[in-house]
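# Observations on chain architecture
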Amino acid sequence: GDQDFIGWQLCDGTGTIYQPGDTYVLDGDTTLCAIWEACDASLAFDANGGSNAPGTLTGCDGDTVTIPPTPPTPPPGDPGFIGWQLCDGTGTIYQPGDTFVLKGDTTLCAIWDDPPILASTGGAIWKGLLVAISGLILSMYLSGFRRRFR
């Protein structure tokens, strides 16, 4: 896997960790060993009601990765894909093919042009609302009709 170079240190793991360009005063035969740390930064994708989100990208903090070119499959109702954004709804909206700089573990959520509740119910809320309004109008009509003929 990917690793970050941390510096140089005595091979027994003791003493100062030196960076390239640092000064080291020799005191007899000395061997410095490279110190490496496994990278653990990641960029995950959440389809936010859709499916087929890209797989997680991994690397080291500061690495640049490319957002996969294929958007996720939309949720029911087929809303349009707007892009990827931090799941709290803040920050840049990324498009497929854009670059992203890794920092820790990050998840981007798909943004759709319909509100998620409408997309996830396939429009059932709107259908129910129309039935309720139709029933109310019919009820009002029948109430007025009855009064006229009593």
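Residues numbered from 1 in each chain as written. Predicted model: local features only at pLDDT ≥ 70, side-chain atom pairs only at ≥ 80, totals over all residues. Heavy atoms only, no water.

### Things to note about the nonpolar core
Soluble globular proteins tend to bury their nonpolar side chains together. What counts, and what does not: For our purposes a nonpolar core is just a set of buried Ala, Val, Leu, Ile, Met, Phe, Trp, Tyr and Cys residues, chained together by side-chain atoms within 4.5 Å. The classification of residues rests on relative accessible area computed with a 1.4 Å probe and restricted to protein chains. Under 20% of the type maximum is buried, over 50% is exposed, and intermediate values are partly exposed. Elements are defined by DSSP. Helices are runs of H or I of four residues or more, strands are runs of E of two residues or more, and each kind is numbered from the N terminus. For this analysis, residues touch if any pair of their heavy atoms sits within 4.5 Å.
Core analysis: the largest hydrophobic core is formed by 12 residues, namely Ala41, Leu43, Phe45, Val65, Ile67, Trp84, Tyr94, Phe100, Leu102, Leu108, Ala110 and Trp112. Counting only elements with at least two residues in this core, the list comes to strand S3 (41-46) and strand S8 (105-112). Discounting chain neighbours no more than four positions away, the residues touching Leu43 are Gly55, Thr56, Leu57, Val65, Ile67, Phe100, Leu102, Thr106 and Leu108.

### Let's talk about the side chain of Thr106
Inspection of the secondary structure assignment puts Thr106 in strand S8. Residue Thr106 is classed as buried on the basis of its relative accessible area of 12%. Apart from residues lying up to four places away in sequence, Thr106 is in contact with Ser42, Leu43, Ala44, Leu86 and Phe100.

### Here's the deal with the packing of aromatic side chains
To keep it simple, the criterion reads: Classification of ring pairs uses Phe, Tyr and Trp, with its six-membered ring standing for Trp, and accepts pairs whose centres are within 6.5 Å; under 30 degrees between planes counts as stacked, over 60 as edge-to-face, and the remaining range as tilted.
Summed over all chains, the structure comprises seven aromatic pairs. A ring pair is formed by Tyr18 and Tyr24, whose centres lie 5.1 Å apart and whose planes are at 85°; its orientation type is edge-to-face. Summarising the aromatic geometry, the rings of Phe81 and Trp84 are spaced 5.5 Å apart at their centres and angled 70° between planes, so their arrangement reads as edge-to-face. With a relative accessible area of 0%, Trp84 lands in the buried category. Every member of this aromatic cluster is reached through a ring pair, and the members are Phe45, Phe81, Trp84 and Trp112.

### Quick notes on the environment of Gly7
Tracing the sequence through the fold places Gly7 in strand S1 (residues 3-10). Exposure remark for Gly7: the relative accessible area of 0% places this residue in the buried category. Gly7 sits 25 residues away from Leu32 along the chain, and the two C-alpha atoms are 9.6 Å apart. Contact partners of Gly7, with chain neighbours within four places excluded, come to Ile17, Tyr18, Gln19, Cys33, Ala34 and Ile35.

### Some thoughts on unusual backbone geometry
For Asn48, which is not glycine, the phi torsion reads 50° and is therefore positive. Inspection of the secondary structure puts Asn48 in the loop between S3 and strand S4 (57-59). In this structure, Asn52 takes a positive phi of about 60° despite not being glycine. Looking at the element boundaries, Asn52 is found in the loop between S3 and S4. Residue Asn52 is classed as exposed on the basis of its relative accessible area of 58%.

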